[in-house]
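# Coordinate analysis (summary)
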Amino acid sequence: MSGAKLKYIILFTVFFAGVNAAVWHIGSSFPCAIRDGPLAYAQAPALFPDTLCVASVWSPVYRGFGVQEGMIYMGARGFDLSLKTQYHALMSNHQLTFGFPILRETTIKAGLQLHYTLSALHGVNIWHKGSCSGGMLLTPNRDWKISLYSQHLLSFPRDSTEHLLEACSGFAVAYFLQPELNFSITMQKRFLLPWQMFFGIYYQAWRALAFSVQYEITEHQWEASSSICLGRWSVQAVFRHHLYLGFSQQYVIAYVC
């Protein structure tokens, strides 16, 4: 099979998935249940920033397919709000999320997220969908953190034939060898797909500089990120590699009040 034919087959598969499910690149695939930062806050229902945080995220996804994604995020201790947009010349997806904590104790935190998603195949049809996500973060002691999460497990209307959202559940365990160094293992199950296992390392070299690496063993994907904090501003770059789709990037600019 020629490279051009393979590219069109993959492209058709991506478009078919887009029509039947809003599969997001920002805040998906690689779990952020243990880490901090705007991407983790937007993805993990139990995580919220300690003070008011606003952020902008941009991702060209996989350049060969012409898909662009962006997110605007704002959150604090008692809420967070995000708007994600995924655009292609043929279609677009938009998702508004409101999250709030339901439990905030020393050793256990929990939160809920309410989502509204609009998916449009340009010039053909528009679909609407609502959903709910939840998560819990356990801290039995300073050396261990355990995260449990379920994204879009509840959706409405239930009888809709257009599955705009991809249900995903999982749990993560992190061990802090030192306050600035932790190792994590995550098990994640996405709808109609087998379980995935992720290994991760997070290291904060200095107060202003941090690195993380994750590896998924089933599809041999990996993700590497670095973040720089300069006063109230922080910049983060995330790079991923997929065995067949190649490289993709995400860029984050955040301001903490």
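Before any of the text, the structure's been laid out above.
Residues numbered from 1 in each chain as written. Predicted model: local features only at pLDDT ≥ 70, side-chain atom pairs only at ≥ 80, totals over all residues. Heavy atoms only, no water.

### As for the overall build of the protein chain
For clarity, the cut-off: A helix here means a DSSP run of H or I that spans at least four residues, while a strand means a run of E at least two residues long, and both kinds are numbered starting from the N terminus. Categorising residues by exposure relies on relative accessible area from a 1.4 Å probe, with only protein chains included: less than 20% of the type maximum marks a residue as buried, more than 50% marks it as exposed, and the intermediate range marks it as partly exposed. Contacts are assigned to residue pairs that have any heavy atoms within 4.5 Å of one another.
When helices and strands are counted, the protein chain shows two helices and 14 strands. By the burial criterion, 46% of the 257 residues in the protein chain qualify as buried. Considering only contacts within the protein chain whose residues lie at least 6 apart along the sequence, 43% involve residues at least 24 apart.

### Quick look at the pattern of salt bridges
As a reminder of what qualifies: Counted as salt bridges are all cases of a side-chain nitrogen of Lys or Arg within 4 Å of a carboxyl oxygen of Asp or Glu.
Within the structure shown, the criterion is met by two salt bridges. For the salt bridge of aspartate 50 with arginine 77, the shortest nitrogen-to-oxygen distance reads 4.0 Å. With aspartate 50 in the loop between α2 (38–43) and β1 (53–61) and arginine 77 in the loop between β2 (68–76) and β3 (79–87), this pair connects stretches of sequence that are 27 residues apart. Its relative accessible area of 58% is what places aspartate 50 among the exposed residues. With a closest N to O distance of 2.9 Å, arginine 240 and glutamate 223 form a salt bridge. Of the two residues, arginine 240 sits in strand β13 (residues 233–242) while glutamate 223 sits in strand β12 (residues 221–230), which places them 17 residues apart along the sequence.

### Quick look at the side chain of glutamine 95
This is how it is decided: Pairs of N or O atoms within 3.5 Å make up the polar contacts considered here, provided that, within protein, one atom can donate a hydrogen while the other can accept it, and that residues adjacent in sequence are counted only when both atoms are side-chain atoms.
Note that glutamine 95 resides in strand β4 (residues 91–104). A distance of 3.1 Å separates polar atoms of two side chains, one belonging to glutamine 95 and the other to threonine 117.

### A look at the nonpolar core
Stated precisely, the cut-off is as follows: What we call a nonpolar core is a set of buried Ala, Val, Leu, Ile, Met, Phe, Trp, Tyr and Cys residues that are connected through their side-chain atoms within 4.5 Å.
Grouped together as the largest cluster of nonpolar side chains are 18 residues, with contacts concentrated most on Leu39, Leu47, Val57, Met71 and Tyr73. Those elements that place two or more of their residues in this core are α2, β1, β2 and β14 (246–256). Among the elements that make up this core, the one with the highest residue count is α2 (four residues).

### Quick notes on the packing of aromatic side chains
To keep it simple, the criterion reads: Ring pairs are drawn from Phe, Tyr and Trp, using the six-membered ring of Trp, whenever the two centres fall within 6.5 Å, and their geometry is named by plane angle: stacked under 30 degrees, edge-to-face over 60, tilted for the rest.
Taken as a whole and assessed by the stated rule, the structure comprises seven aromatic pairs. Taken together, the ring pairs connect Trp58, Phe239 and Tyr251 into an aromatic cluster.

### A short note on unusual backbone geometry
A negative phi angle is the norm for most residues apart from glycine, just as the trans form is the norm for most peptide bonds. For histidine 220, which is not a glycine, the phi torsion comes out positive at approximately 55 degrees. Residue classification places histidine 220 among the partly exposed residues on the basis of a relative accessible area of 43%.

### A short note on the pairing of β14
Worth spelling out the cut-off: A pair of strands is labelled paired if DSSP reports no fewer than 2 bridges between them.
Bridging between β1 and β14 involves seven bridges; their strand directions are antiparallel. Residue valine 54 lies in a different strand from β14, and its bridge partner there is tyrosine 255. By the bridge criterion, ten bridges tie β13 to β14 in an arrangement that is antiparallel. Bridge pairing in β14 places tryptophan 233 opposite tyrosine 255. The antiparallel pairing of β13 with β14 creates a hairpin that spans three residues between the two strands.

### Brief notes about the environment of glycine 111
Its place among the elements puts glycine 111 in strand β5 (residues 108–121). Placed 66 residues apart in sequence, glycine 111 and proline 45 show a C-alpha to C-alpha distance of 5.0 Å. When sequence neighbours within four positions are dropped, the list of residues in contact with glycine 111 reads Pro45, Ala46, Phe100, Pro101, Ile102, Ser133, Gly134 and Gly135.

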